[in-house]
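Summary of structural features
So you can see what is in the structure, the chains are spelled out below.
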Amino acid sequence: MFLVAYFIISMTVLSVCAISTNGALDAGGAYYMISRALGPEFGGSLGVMFFLANVCSSALYILGLVEAIVATFGLPEDGVSPAGSLQVLPAGYWWSLLYATGILLLCLLVCLVGAEIYAKASFLIFLVVMIVLASIFISFFAMRPRTILLPAALPVHNNTGPQPPNMANFTGFKLDTLLGNLDADYAVDYTTGTMMSFATVFAVMFNGCTGIMAGSNMSGDLKNPSYSIPRGTITAVIFTFIIYNLLSLMVACSCDRILLQRDYSFLRDINVWNPLVTVGVYSSTMSAAMSNLIGASRILFALARDDLFGTVLSPAKKTSHNGNPWVSVLLSWFLVQLVLFTGKLNTIASIVTIFFLLVYAAVDLACLALEWASAPNFRPTFRYFTWHTCVLGIVGCAIMMFLINAIYASASIAFMLLLLLLIHYLSPTSSWGYISQALIFHQVRKYLLMLDVRKDHVKFWRPQLLLMVSNPRSSVGLITFINDIKKSGLYVLGHVQLGDLDTLPSNPLQCRYDSWLSLVDHLNIKAFVNLTLADSVRHGVQHLLFISGLGGMRPNTLVLGFYDDCTPKDKLTDPALTATVPTQDPEDERPPYHFPALRPSNDGMGENGKVMGPQEYVAVIADAMKMMKNVALARYFHQFDRASTISSSPGKGALYVDVWPVNLLRPDSSSYVDTCSLFLLQLACVLNMVRAWRHARLRLFLCVEEGRSLRGAEEKLGQLLKELRIKANVYTVPWDQQVALHWQRQGEAGKRRPTRQSQREEEGLGKRGLFEEKEGDNGDFVNSFPSNATRLSDEYLLAVNRLILDQACPPPAVRFLYLPHPPADTQHYTAYLRQLDLLTKDLGPTLLIHGVTPVLTTDL
């Protein structure tokens with residue numbers, strides 16, 4: 001038992017020494033170590049458990065002292081005291097409770113005076129105990145063999161065997177006595193009448209070893225805890241282990257089994273001077289009771305000071321003029337008094353031991369987490385520990401907890417988890433640092449290194465999105481929508497702040513990160529934030545596309561808001577996001593979220609207060625495509641309200657997502673199987689897979705001309721969707737009139753020139769592979785935008801716009817349209833943007849999408 005107990009204690013002591021030498025310690029001992037290492041949730045819940053363990057342990061020692069007093073001075077069972085005897089104290093439950101209350105009041109008085117008087121009293125008690133121990137060891141050699149009268153035992157129920165003997169022997173050192181004591185042979189406890197076992201005896205015995213934490217409990221009262229705790233604790237462990245084992249060996253060699261089982265105060269009966277052992281027992285139990293009482297008060301004071309339970313423990317913060325937390329002492333005294341009503345030492349021994357083992361396991365866990373996190377600031381001066389010792393300590397504590405009492409152990413863990421959840425949801429955010437963050441960083445770094453971009457495969461493609469946000473106040477709808485289509489992929493909110501670091505005294509972005517992170521929390525989205533400083537928006541976007549992400553987690557899709565003249569609306573109407581932070585200077589009040597006002601009318605940043613012009617905007621799109629990034633342009637998402645959209649008649653088919661996979665700016669081509677079209681289908685499908693959009697219906701519109709088989713085109717597209725496992729309703733939309741407007745502008749009387757490309761397409765979709773790109777599609781970006789782009793008539797674009805609007809019955813929640821590549825000639829950028837503007841006019845929330853990489857496959 002001593003080997004098991006001290007193995008557990010030694011592993012824990014190594015962890016305590018490591019943590020205590022890694023920085024300044026404050027009041028709270030093990031609670032302080034656990035809370036600062038594992039965070040407030042674990043620290044607070046285990047702090048309460050440690051507090052209760054010390055309260056129950058103090059009561060246990062007081063009850064042990066009362067048993068010793070009653071055994072020495074209590075009246076016999078017949079109530080008649082022998083002449084000249086000191087057995088004058090009445091016995092019984094209520095009398096024992098009265099004696100325990102008096103002893104507890106004495107401990108309270110010492111603890112109220114303060115830690116100094118307790119330290120002096122402890123030192124005197126230590127001297128007394130050392131003298132008593134010396135007399136005990138001398139007595140084994142000085143005393144001759146003798147017969148000892150045993151105390152009366154409680155009757156055992158249903159015991160029909162012979163009555164137990166009332167005499168036992170002190171034999172002196174004999175080999176036969178040692179051999180007779182080697183086997184366990186558990187018997188009935190004569191004070192309670194219950195059968196003993198390894199677990200019940202270990203539970204009582206282990207409480208004699210928990211005093212090694214007394215020094216760390218007083219960490220706030222020590223002059224130099226980082227120096228004193230390791231040396232004092234290790235010395236205590238070594239000294240007590242030697243003393244306990246020497247006593248055990250000498251007792252086993254000189255006292256027969258009956259004496260050990262039937263007389264718990266046998267050391268007094270075999271001592272050279274009996275009263276000396278009595279004094280030693282009283283002194284050691286009194287010291288242990290005071291140690292646990294003052295330790296409990298310091299833990300309660302630390303819990304109250306950390307405000308983990310709000311105002312419930314606020315009275316416990318009060319201290320005297322010399323810093324003694326007298327309210328915490330009184331509260332601890334009150335709880336110990338309640339525990340004393342249990343009346344029997346062995347009744348609470350199991351609970352106390354389990355509580356201590358749980359706390360010891362937590363200390364080992366805290367040290368293990370710090371070691372595994374590999375944080376550079378964890379460099380304790382005590383280095384005689386490894387993660388192996390921490391794991392062994394945790395495993396040893398867990399095994400012994402359940403061996404002692406599985407029900408108590410399970411209930412204690414459940415109680416701890418309940419406290420953990422309570423603190424997690426009710427306590428404010430702490431500034432102690434969270435070990436979970438260090439562990440997550442360590443693991444994420446390791447797995448990011450394992451994420452090899454060379455092993456990417458189209459089967460496992462997912463959208464990794466960089467959404468450029470000019471001002472979050474007007475972009476709430478778009479931010480929440482893009483969060484839905486990320487499909488467990490990377491989502492980065494990017495922002496470009498115009499400026500030159502050479503002309504600034506410090507980084508202007510540093511103070512803005514908190515505002516953006518608070519926005520992410522407020523909108524409940526799973527996104528990272530990446531801000532950059534650049535001399536232009538175009539250069540800033542280039543920076544972000546080059547450097548955002550790590551390893552295999554890099555954005556593959558750029559999302560931009562549409563460049564138009566719509567008046568932005570402030571969607572951050574939550575009072576928490578618009579309140580000001582009061583400061584000492586009333587004129588210095590500032591909003592906690594550093595988002596500027598929406599599009600100021602005159603600030604020198606371009607026409608209508610925009611930070612970029614149309615030429616630069618289209619250049620950003622072209623840059624992204626050169627870098628092989630997919631591009632999406634989002635228009636009218638200031639009208640998008642996710643909550644009202646999702647809640648509109650769920651399950652009734654009232655929510656639609658429209659997909660137009662044809663390049664509407666190229667009326668001479670209507671292929672549905674190029675990379676860009678398939679990318680459109682993939683994003684629409686991803687949106688439909690999100691739980692909130694699962695009841696939405698995809699509508700796929702197939703634009704066809706006269707002379708082509710309407711039914712055949714619809715069937716072939718349906719077969720393509722079936723092979724791609726995309727569920728959508730296909731609608732054929734004749735657009736001869738719209739195409740005719742285009743060719744009339746070209747002076748060809750509505751007739752289409754019989755180009756090789758058109759002849760090839762007339763043969764139908766079936767003669768092309770599903771993923772074979774057209775000549776000029778994405779392979780040659782120049783041809784993705786028609787060479788006669790500037791000659792697309794407004795009549796044609798408005799007619800196509802009207803065609804799209806006419807199909808909106810009922811209107812969709814969002815539309816996906818094909819985004820053609822910008823023209824090669826930069827002089828045509830403005831015309832390109834104007835055509836997109838006319839095409840998408842008044843369509844409601846719309847995504848113009850251009851894909852540059854294959855994202856779909858029919859393979860397993």
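None of the values given here were measured: they were computed from a predicted structure.

**Here we look at the overall build of the chain**
Counting its regular elements, the chain contains 29 helices and 12 strands. Within the span of the chain, comprising 860 residues, buried residues form 50% of the whole. Within the structure as shown, the chain displays about 41,200 Å² of accessible surface, and the carbon and sulfur contribution to it stands at 60%.

**Notes on the side chain of serine 15**
Secondary-structure assignment places serine 15 in helix α1 (residues 2–20). Here serine 15 is in contact with Val363, Asp364, Cys367 and Cys390, once residues within four sequence places are set aside.

**Section: helix α2 (residues 30–38)**
For α2, a buried count of eight out of nine residues is recorded, marking the element as mostly surrounded by other parts of the structure. Those residues of α2 not exposed but buried are Ala30, Tyr31, Tyr32, Met33, Ile34, Ser35, Ala37 and Leu38.

**Considering the packing of aromatic side chains**
Scanning the model with the defined rule gives 25 aromatic pairs in all. A ring pair is formed by phenylalanine 701 and tyrosine 731, whose centres lie 5.6 Å apart and whose planes are at 25 degrees; its orientation type is stacked. Of this pair, phenylalanine 701 sits in strand β9 (residues 697–704) while tyrosine 731 is found in strand β10 (residues 729–734), placing the two residues 30 residues apart along the sequence. Relative accessible area serves as the criterion here: at 36%, tyrosine 731 is assigned to the partly exposed category.

**Some details on the nonpolar core**
Looking at soluble globular proteins, one finds that nonpolar side chains tend to be buried together. Ile62, Ile103, Phe206, Leu340 and Leu357 are the most contacted members of the largest nonpolar core, which has 106 residues in total. By residue number, the principal contributor to this core is helix α14 (residues 345–373), which donates 19 residues. Leave out the neighbours within four places in its chain, and isoleucine 62 touches Ala100, Ile103, Leu104, Ala289, Val336 and Leu340. If you look at the next biggest cluster of nonpolar residues, it comprises 62 residues, including Leu465, Val520, Ile646 and Leu700.

**What about the pairing of strand β5 (residues 528–534)?**
Remember that side chains alternate between the two faces of the sheet whenever the strand is regular. For β5, the tally of buried residues reaches six of seven residues, placing the bulk of the element in the interior. By the bridge criterion, seven bridges tie strand β4 (residues 491–498) to β5 in an arrangement that is parallel. Opposite histidine 495, over in β5, you have leucine 531 as the bridge partner. In this region the chain leaves β4, passes through helix α19 (residues 513–523) and returns to the parallel neighbour β5; the handedness of that crossover is right-handed.

**Section: a nonpolar patch on the surface**
Residues Tyr93, Trp94, Phe334, Leu338 and Phe341 make up a contiguous nonpolar surface patch of roughly 560 Å² in combined accessible area. Mapped onto the elements of the fold, phenylalanine 341 is located in the loop between α13 (326–339) and α14.

**Describing the environment of arginine 642**
Within the element layout of this structure, arginine 642 appears in helix α23 (residues 642–646). When its relative accessible area of 29% is taken as the criterion, arginine 642 is described as partly exposed. For arginine 642 and phenylalanine 481, which are 161 residues apart along the polypeptide, the C-alpha to C-alpha distance reads 7.0 Å. When residues no more than four places from it in sequence are discounted, the contact partners of arginine 642 are Thr480, Asp484 and Ala692.

**Quick word on the sheet that holds strand β11 (residues 814–818)**
Within a sheet, neighbouring strands are paired by backbone hydrogen bonds and run either parallel or antiparallel to one another. Spatial ordering of the open sheet is given by β5-β4-β3-β6-β7-β12-β11-β8-β9-β10, a layout of 10 strands whose pairing is mixed. In this open sheet, the two strands that pair with only one neighbour each are β5 and β10. Direction aside, neighbouring strands of the sheet carry axes that sit 25 degrees apart on average. Here strand β8 (residues 656–660) pairs with β11 via four bridges, running parallel. Following the sheet pairing, aspartate 658 is matched in β11 by arginine 815. Packing of helix α18 (residues 476–484) onto the sheet brings it into contact with β3 (465–468), β4, β6 (557–561), β7 (630–635), β11 and β12 (846–850), and relative to β4 it is tilted by some 145 degrees. Along the sheet, helix α20 (residues 537–547) contacts β3, β4, β5 and β6; its crossing angle with β5, the most-contacted strand, is approximately 135 degrees.

**Description of the pairing of β11**
Within β11, five of the five residues are buried, which leaves it mostly tucked inside the rest of the structure. The side-chain alternation of β11 yields two buried faces, one formed by Val814, Phe816 and Tyr818 and the other by Arg815 and Leu817. Pairing analysis gives four bridges linking β11 to β12, with the strands arranged parallel. By the bridge assignment for β12, arginine 815 is matched with threonine 846.

**Some remarks on the packing of helix α12 (residues 274–305) against α13**
Packing of α12 against α13 leaves a shortest axis separation of 8 Å and a crossing angle of 125 degrees. Classified by the interaxial angle, the pair formed by α12 and α13 is oblique. For the element pair α12 and α13, the recorded crossing hand is right-handed. Contacts from Leu293, Ala296, Ser297, Arg298, Leu300 and Phe301 of α12 reach α13 at Ser328, Val329, Leu331, Ser332, Trp333 and Val336. When its residues are assigned to classes, the contact of α12 with α13 shows eight nonpolar, three polar and one charged.

**Section: the side chain of histidine 638**
With respect to the helices and strands, the residue histidine 638 is situated in the loop between β7 and α23. For histidine 638, a relative accessible area of 18% puts it in the buried group. Those residues in contact with histidine 638, other than ones at most four positions away along the chain, are Ser474, Cys566 and Lys571.

**A look at unusual backbone geometry**
Both trends apply: most residues other than glycine have a negative phi, and most peptide bonds are in trans. Residues other than glycine seldom take positive phi values, yet aspartate 185 does so here, at roughly 50 degrees. Secondary-structure assignment places aspartate 185 in the loop between α6 (175–180) and α7 (198–206). Of note, tyrosine 636 is a non-glycine position whose phi angle comes to about 65 degrees, a positive value. On the secondary structure map, tyrosine 636 appears in the loop between β7 and α23.

**Observations regarding the pattern of salt bridges**
Taken as a whole, this structure holds 12 salt bridges when the rule is applied. With a closest N to O distance of 3.6 Å, aspartate 269 and arginine 268 form a salt bridge. As far as the burial class goes, aspartate 269 and arginine 268 line up, both buried. For aspartate 484, the salt bridge goes to arginine 642, with nearest N and O atoms at 2.7 Å. Here aspartate 484, found in helix α18, pairs with arginine 642, found in helix α23; they are 158 residues apart in sequence, far enough to count as distant. Where salt bridges share partners, they join Asp564, Arg635 and Asp837 into one cluster.

**Re the environment of isoleucine 258**
In this fold, isoleucine 258 is placed in helix α10 (residues 257–262). C-alpha of isoleucine 258 to C-alpha of asparagine 169: the two residues are 89 residues apart in sequence and 8.0 Å apart in space. Excluding residues that lie within four positions of it along the chain, isoleucine 258 makes contacts with Leu150, Pro165, Met167 and Ala168.

**Digging into the confidence of the model for the chain**
Low pLDDT marks stretches whose predicted atomic positions should not be read closely. Counting all residues, the mean pLDDT for the chain is 81, and 83% of those residues have values of 70 or more. The lowest-confidence element of the chain is helix α27 (residues 756–762), averaging 40 in pLDDT; the highest-confidence one is β6, averaging 95. Low pLDDT, under 50, characterises residues 575–591; the stretch is placed with 19 contacts to residues that sit more than four places away or in other chains. Taken together, the stretch residues 601–606 has pLDDT below 50 and engages in six contacts with residues farther than four places along the chain or on a different chain.

**Describing α12**
Between its first and last C-alpha atoms α12 spans 47 Å; for 32 residues at 1.5 Å apiece the expected length is 46 Å, and the two agree. When you tally the buried positions in α12, you get 26 out of 32 residues, the bulk of the element. Just beyond α12, the residue with positive phi is aspartate 307, at close to 55 degrees.

Scoring rules and cut-offs
Residues numbered from 1 in each chain as written. Predicted model: local features only at pLDDT ≥ 70, side-chain atom pairs only at ≥ 80, totals over all residues. Heavy atoms only, no water. Helix = DSSP H or I, 4+ residues; strand = E, 2+ residues; numbered from the N terminus. Buried < 20%, exposed > 50% of the residue type's maximum accessible area, 1.4 Å probe, protein only. Areas by Shrake-Rupley, 256 points an atom, 1.4 Å probe, with all protein chains shown as cover. Contact = heavy atoms within 4.5 Å. Phe/Tyr/Trp six-rings, centres within 6.5 Å; stacked < 30°, edge-to-face > 60°. Core = buried A, V, L, I, M, F, W, Y, C linked by side-chain atoms within 4.5 Å. Pairing = 2+ DSSP bridges. Right-handed = clockwise from strand over helix to strand, strands pointing away. Patch = residues over 30% accessible without salt bridge, like charges linked within 9 Å, V, L, I, M, F, W, Y side chains within 5 Å. Salt bridge = Lys/Arg side-chain N within 4 Å of Asp/Glu carboxyl O. Axes fitted to C-alpha atoms, helices over the stretch in contact; angles between N-to-C directions. Parallel < 35°, antiparallel > 145°, perpendicular 65-115°, else oblique. Left-handed = near helix turned anticlockwise from the far one by under 90°. Nonpolar A, V, L, I, M, F, W, Y, C, P; charged D, E, K, R; others polar. pLDDT = per-residue confidence, 0-100. Expected span 1.5 Å × (residues − 1).

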